[in-house]
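Working through the structure, step by step
Each chain, written out:
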Amino acid sequence: MRIHEYQAREIIRRYNIPTPSADVASIPSEARKIAERLRAPVVVKAQVLVGGRGKAGGVKLAQTPREAEAAAGAILGMEIKGITVEKVMVAEATKIARELYLGVVVDRRARTVAVMGSPEGGVDIEEVARSSPERIVKAHAHPMLGLFDYQARELALAMGLDGRLLRDFTLISRGLYQAFIECDASLAEINPLVVTDDGKLVAVDTKMVLDDNALFRHKDFEALRDPSDEDEAERMGRELGFSYVRLDGSIGCMVNGAGLAMATMDVIELYGGSPANFLDIGGGARSERVAAAFRLLIADPGVKAVLLNIFGGITRCDEVAKGIIAALREVPCALPIVVRLVGTNEAEGRALLAQAGLASTTSMVDAAKMVIEKARD
Amino acid sequence: MLDYGTNVVAGVTPGRKGETALGVPVFNGVAEAVRETAANTSIIYVPAFAAPDAIVEAVDAGISLIVCITEGIPTLEMVRVYSYVRQGGARLIGPNCPGLISPGKCKVGIMPAHIHRPGGIGVISRSGTLTYEVVLELTVRGFGQSTCVGIGGDPIIGSSFVDVLGLFEKDAATGAVVMIGEIGGSDEESAAEFIATSLSKPVFGFIAGQSAPPGKRMGHAGAIISGGSGGAADKVAALTAAGVRMASTPTEIGELVQRWGESEDARSERI
């Protein structure tokens, strides 16, 4: 789950990481009041969960409260990569001498947490990783003992920090690492981490992504969820316990298992079709789950035909067939449907489908070709 | 598993000691079960919040092979647990996997056993049902399997492609290997390096998620293209460069294996 900059800022402040004074506004007059309170030039920043807001005009410097109000007026309601800006953060402007990068991630290859730093802050770190990977330094935290101060100092020295900055960077690294662990994050980054013209370190922009699998033990994080970050169908899918990702094609897919669901999309594309979604309905495929999945698929107006690809494992195919038939009784679907059904008791399952007038096949490639044909008609 | 002939000697459910389940005695804890039955393998199905505890309990009880089916364990929990498993000298398969099967011998998992046949192809995969798909393609073409291992779809898993490929290299029963990867992480790239330098057997591959958009998690916690890395094209390129014969659909895996099986070099080492 992605959270907003202002939410991530609140979190890292609890770990004693210095940030500019700031507050959040949803109407321009609030932005003016915040600027009046801060008594300084401010930066008005769009709060959206996509990158590239600066280039899109979603970040503006304001010298006076009146300018802040005008900037907020321009940014609020603006569309950035299809997302409407509903909130701005109004933050005290920082006098920048240098911009650094500090990030914490899970390093899958090393199977532990990595802390990364770079003297090239304020730009897209993935771009730095591509163009000048030697400008990124990395330290692996011990899985049990965590990040040691000496590791943070080594990063700081490699980034060219010295004196008081060396000590401050170590404290900030330790804080960000701690925040990452305690929040069950999958990403925590400060970019830029600014060296001010009076020699202090300030976290000017913060980004955090939280591990969806750990949200069950952070009930309070549910309040941080931005409903606009998910489309309606994705939200419904999540609440039903499905993995659903909306795409822009014409073939609705309903598959059991994530790997098979991805492979189904791949086969559809390979034969010239376009998947409307990724949907893993998981094990079981009982009628109520299939019915719920049908509702999700047919709610998408782009869907012209539906492909069910079920490989029965523990789930028996005759049960799946009964589930599909019951679901269609509950949610009438006028779209053409192709069912591919294999696995335990597949003959019984396909016989049941045939009785109900549903075409089925055992080959995934044939099923894909059939559904592509039907989506074209 | 009982139906398949797997020697299941004990079940563990705290507070249910003395009961039996399908004729198998139930114990309160893993250490006690190991003491009384000499079990050497543990399969874990408990919910995500309890699974890390179950894995550590198995390590401490001296279990040497731990198979964790459970999906949804927090990633940072697995970072700690993985490290503990390694220190304890145990081997962990999963989490978020279907388990493993050596057809005709033993099954420790939840896969449909009837699609498998004993034979010489080793199968390794990050997925569940997609593995069944590929196994069926092999079986209908007359290619049985030595062992099929689902390593799991999470970002941090107990055994990687490289770990299991090393075992297949040493396994006399395995004549060729099928590996099924997917988007996310760089485990397939590591596997490509290993295959190029240390694997003498032919390898066939498929990568799921070639049509997946970046930045979206495709069902598995580990299946996400992030920061321009983890995409299918890079993985296919790395594996192809390492000499792996790559298929563009699961069906094509069966066809590639069949073509190889009909060729001379396979016949010379009859599998």
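Residues numbered from 1 in each chain as written. Chains lettered and ligands numbered in written order. Predicted model: local features only at pLDDT ≥ 70, side-chain atom pairs only at ≥ 80, totals over all residues. Heavy atoms only, no water.

1. Re the overall build of chain B
Our working rule: In this text, helices come from DSSP runs of H or I with a minimum length of four residues, and strands from runs of E with a minimum of two, each type numbered from the N-terminal end. For the radius of gyration, the atom set is restricted to C-alpha positions; the globular benchmark scales as 2.2 Å times the number of residues to the power 0.38. Two residues qualify as a contact provided that any one of their heavy atoms is within 4.5 Å of a heavy atom in the partner residue. Per-residue and other accessible areas follow the Shrake-Rupley method at a 1.4 Å probe size, with only the shown protein chains counted as cover for residues.
Summing up its helical and strand segments, chain B has 9 helices and 13 strands in all. Rg of the C-alpha trace for chain B: 19 Å, near the compact-globule value of 18 Å for 271 residues, within the 12% margin. Its C-alpha atoms put chain B at 55 × 45 × 30 Å along the principal axes. Put simply, of all contacts in chain B between residues at least 6 apart along the chain, 70% involve residues at least 24 apart. For chain B, the accessible area works out to roughly 10,300 Å², and carbon and sulfur atoms hold 52% of it.

2. Describing the sheet that holds strand S8 (residues 106–109) of chain B
All names here are of chain B. The condition that has to hold: Strand pairing is assigned whenever DSSP identifies at least 2 bridges connecting the two strands. Angles run from 0 to 180 degrees between N-to-C directions of axes, and those axes are lines fitted to C-alpha atoms, restricted for helices to the stretch in contact.
Read across the sheet, 7 strands follow the order S8-S7-S10-S9-S11-S12-S13 without closing on themselves; strand pairing throughout is mixed. Across the chains shown, the open sheet's two edge strands, defined by having one partner strand only, are S8 and strand S13 (245–246). Packing of helix H6 (residues 187–198) onto the sheet brings it into contact with strand S11 (176–182) and strand S12 (203–208), and relative to S11 it is tilted by some 155°. Docked against the sheet, helix H7 (residues 232–241) engages S11, S12 and S13, running at close to 175° with respect to S12.

3. What to know about the pattern of salt bridges
Here is the rule: In what follows, salt bridge is the name for a side-chain nitrogen of Lys or Arg lying within 4 Å of a carboxyl oxygen of Asp or Glu. Buried residues are those whose accessible area, probed at 1.4 Å on protein chains only, stays under 20% of the maximum for their type, while exposed residues exceed 50% and partly exposed ones sit between those limits.
Using the criterion set out here, one finds 40 salt bridges over all chains in the structure. In this structure, the salt-bridge partner of Asp168(A) is Arg164(A), at a minimum N-O distance of 3.0 Å. Of the two residues, Asp168(A) and Arg164(A) are both situated in helix H6 (residues 163–182); the distance of 4 residues between them amounts to about one turn of the helix. The residue Arg316(A) makes a salt bridge to Asp318(A) at a minimum N-O spacing of 3.1 Å. With a relative accessible area of 36%, Arg316(A) lands in the partly exposed category. We classify Asp318(A) as buried; its relative accessible area is 9%. What emerges from the salt-bridge pattern is a single network uniting Arg126(B), Glu182(B), Glu188(B), Glu189(B) and Lys235(B).

4. Looking at unusual backbone geometry
At the junction of Asn191(A) and Pro192(A), the peptide bond is cis and its omega measures out at 10° in the coordinates. Mapped onto the fold, Pro192(A) is located in strand S11 (residues 185–196). In this model, Gly94(B) is joined to Pro95(B) through a cis peptide bond whose omega is 10°. Here Pro95(B) lies in the loop between strand S6 (91–93) and strand S7 (99–102).

5. Some words on the environment of Cys97(B)
Relative to the helices and strands, Cys97(B) resides in the loop between S6 and S7. Dropping the residues within four chain positions of it, Cys97(B) is found in contact with Val67(B), Cys68(B), Ile69(B), Gly150(B), Ile151(B) and Gly152(B).

6. Some remarks on helix H9 (residues 287–298) of chain A
For clarity, the cut-off: What a helix is expected to span follows from its residue count: subtract one and scale by 1.5 Å.
In a regular helix each residue adds 1.5 Å, so 12 residues correspond to 16 Å; H9(A) covers 16 Å between its end C-alpha atoms and thus fits that length. Those residues of H9(A) that sit buried are Arg289(A), Val290(A), Ala291(A), Ala292(A), Ala293(A), Phe294(A), Leu296(A) and Leu297(A).

7. Some points on the domain arrangement of chain A
Put simply, the rule reads: Note that the domain bounds were set by an automatic or database domain assignment.
Assigned domains of chain A: these are domain 1 (21–92), domain 2 (96–224) and domain 3 (231–376). On a C-alpha basis, the centres of domain 1 of chain A and domain 2 of chain A stand 25 Å from each other.

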